[in-house]
Amino acid sequence: MVQGQTDIRFPNLGIIFSGIGNGITLFGIDIMYYGMIIVLGMLLGVLLACFRAKRAGLSPDMIIDFALYALLFSVVGARIYYVMFAWDSFKENPLSIFNLRTGGMAIYGGILAGVLTAAVYAKIKKVNFYKLADLCVPSLLLGQAIGRFGNFFNREAFGKYTGGLFAMQLDRRAVTNDYNCSMAVLEKRYAGHTRALNRIVEIRNNIVYAEGVEYIQVHPTFLYEIFWNLGLLFLLLIYSRHKKFDGELLCLYLIGYGAGRVWIEDLRTDPLFLWGTSLAVSELLSILLILISFFFLVRTRILAGKKKNG
């Protein structure tokens, strides 16, 4: 359901976005900005890949064909990943799994599904998987950066309390129920997740009042990730002309994005947890992918050096 319009404030930057909703109603149907932004990110990502395809020795038509499969399975993968680690939010109403309009997708699920789709597609079409992956990595980063704007409209994926320069204020009524329920409910909801509970309590204890409205004040972690992804995209596009082997951009992406995600996830108040633990899934997966990619990168460079000298 489309939320009422509320302000989103960056007081220390002197920026106020007035009357921001999270969607529109068209012919009686709620259309969420989140979904619209995700679609825009996908389309621009495909266009970027098509633009770069010829230089990589691949056909733009083949890229479009691959994108149809990759986008579909990436959305499915992102949803499955989210549902797996947030099952408590769906077990009372399993049919809500199929309602994507209010968000609830995890980018790592989409990335893993996309890589698997690329591997299968490359094998069927007899295309070099690593060349295809390197071509698609910048498009993936562009789509991720654009997609994070959906979190802005949904008032989600933010971090812990801060009074710093980039502090963001959100109307308490427009955010998740964690900031409007009783402490008893909150403690039950986050039983076993002490760090997350303490951060939410800290935010609740630092409510800001402005013009008669209660605001929570937090790190805009989705904004940090937007700039991180755009910076990484810029660097990879420059380096792509000088890469030493196919698959190098994929490794650098997994290392670069993983490093940023470890930092950003550590600021978040709403991470997905590994079952039965207080460990953030995305942090663990990021570290694992960084290590695997670094090993592959070093190993390939060493082998290439031996081959050249041999």
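Our structure is the block above this text.
Residues numbered from 1 in each chain as written. Predicted model: local features only at pLDDT ≥ 70, side-chain atom pairs only at ≥ 80, totals over all residues. Heavy atoms only, no water.

### A word on the overall build of the protein
Helix and strand content of the protein: 10 helices and 7 strands. Considered along the principal axes of its C-alpha atoms, the protein spans approximately 70 × 45 × 40 Å. When the 310 residues of the protein are sorted by exposure, 48% land in the buried category. Taking the contacts inside the protein whose residues are at least 6 apart along the sequence as the reference set, 71% of them involve residues at least 24 apart. Counting every atom, the protein has about 16,300 Å² of accessible surface; 66% of that belongs to carbon and sulfur. In the protein, 31 side chains carry a positive charge and 21 a negative one; their mean positions are 12 Å apart. (Helix = DSSP H or I, 4+ residues; strand = E, 2+ residues; numbered from the N terminus. Buried < 20%, exposed > 50% of the residue type's maximum accessible area, 1.4 Å probe, protein only. Contact = heavy atoms within 4.5 Å. Areas by Shrake-Rupley, 256 points an atom, 1.4 Å probe, with all protein chains shown as cover. Lys, Arg positive; Asp, Glu negative; His and termini not counted. Charge placed at Lys NZ, Arg CZ, Asp CG, Glu CD.)

### Re helix 7 (residues 194-204)
By the burial criterion, the buried members of helix 7 are Ala196, Leu197, Arg199, Ile200, Val201, Ile203 and Arg204. At its buried positions, helix 7 is contacted by helix 6 (183-189) and strand 7 (213-218).

### What to know about the nonpolar core
Core analysis: the biggest nonpolar cluster contains 46 residues, and Ile63, Tyr81, Leu132 and Tyr253 have the highest contact counts within it. The set of elements that each furnish at least two residues to this core consists of helix 1 (33-53), helix 2 (60-85), helix 3 (107-125), helix 4 (129-147), helix 8 (221-239), helix 9 (248-265) and helix 10 (281-309). Considering every element that reaches this core, the biggest residue donor is helix 4, with 9 residues. With residues up to four places along the chain from it excluded, the contact list for Ile63 reads Ala49, Cys50, Ala53, Leu58, Leu132 and Leu135. Judged by nonpolar contacts, the second largest core, of 23 residues, contains Phe152, Cys181, Ala196 and Val218. (Core = buried A, V, L, I, M, F, W, Y, C linked by side-chain atoms within 4.5 Å.)

### Some remarks on the side chain of Asp178
Along the chain, Asp178 falls in the loop between strand 5 (168-171) and helix 6. The exposure class of Asp178 is buried, given its relative accessible area of 7%. Among the polar contacts made by the side chain of Asp178, one reaches the side chain of Tyr190 at a distance of 2.5 Å. Sequence-distant contacts of Asp178, defined by excluding residues within four places in its chain, comprise Leu186, Arg189, Tyr190, Ile200 and Arg204. (Polar contact = N/O pair within 3.5 Å; in protein donor to acceptor, adjacent residues only side chain to side chain.)

### Let's talk about helix 1
Compared with the 30 Å implied by 1.5 Å per residue over 21 residues, the 30 Å span of helix 1 between its first and last C-alpha is a close match. Restricting attention to buried positions, one finds in helix 1 the residues Tyr34, Ile37, Ile38, Gly41, Gly45, Val46, Leu48, Ala49, Cys50, Arg52 and Ala53. Looking at the packing, one finds that the buried side of helix 1 touches strand 4 (29-32), helix 2, helix 4, helix 5 (149-154), helix 8 and helix 9. (Expected span 1.5 Å × (residues − 1).)

### Side note on a nonpolar patch on the surface
A surface patch of nonpolar side chains, about 910 Å² in accessible area, is lined by Ile64, Leu68, Tyr69, Leu72, Phe73, Val76, Ile80, Met84 and Trp275. With respect to the helices and strands, Met84 occurs in helix 2. (Patch = residues over 30% accessible without salt bridge, like charges linked within 9 Å, V, L, I, M, F, W, Y side chains within 5 Å. Salt bridge = Lys/Arg side-chain N within 4 Å of Asp/Glu carboxyl O.)

### Remarks on the pattern of salt bridges
For the structure on display, the rule yields 12 salt bridges. The residue Arg301 makes a salt bridge to Glu248 at a minimum N-O spacing of 2.5 Å. In this pair, Arg301 sits in helix 10 while Glu248 sits in helix 9, placing the two residues 53 residues apart along the sequence. On the basis of relative accessibility, which here comes to 38%, the residue Arg301 falls in the partly exposed class. Residue Arg268 pairs with Asp270 through a salt bridge whose shortest N-O separation is 2.7 Å. The exposure class of Asp270 is partly exposed, given its relative accessible area of 32%.

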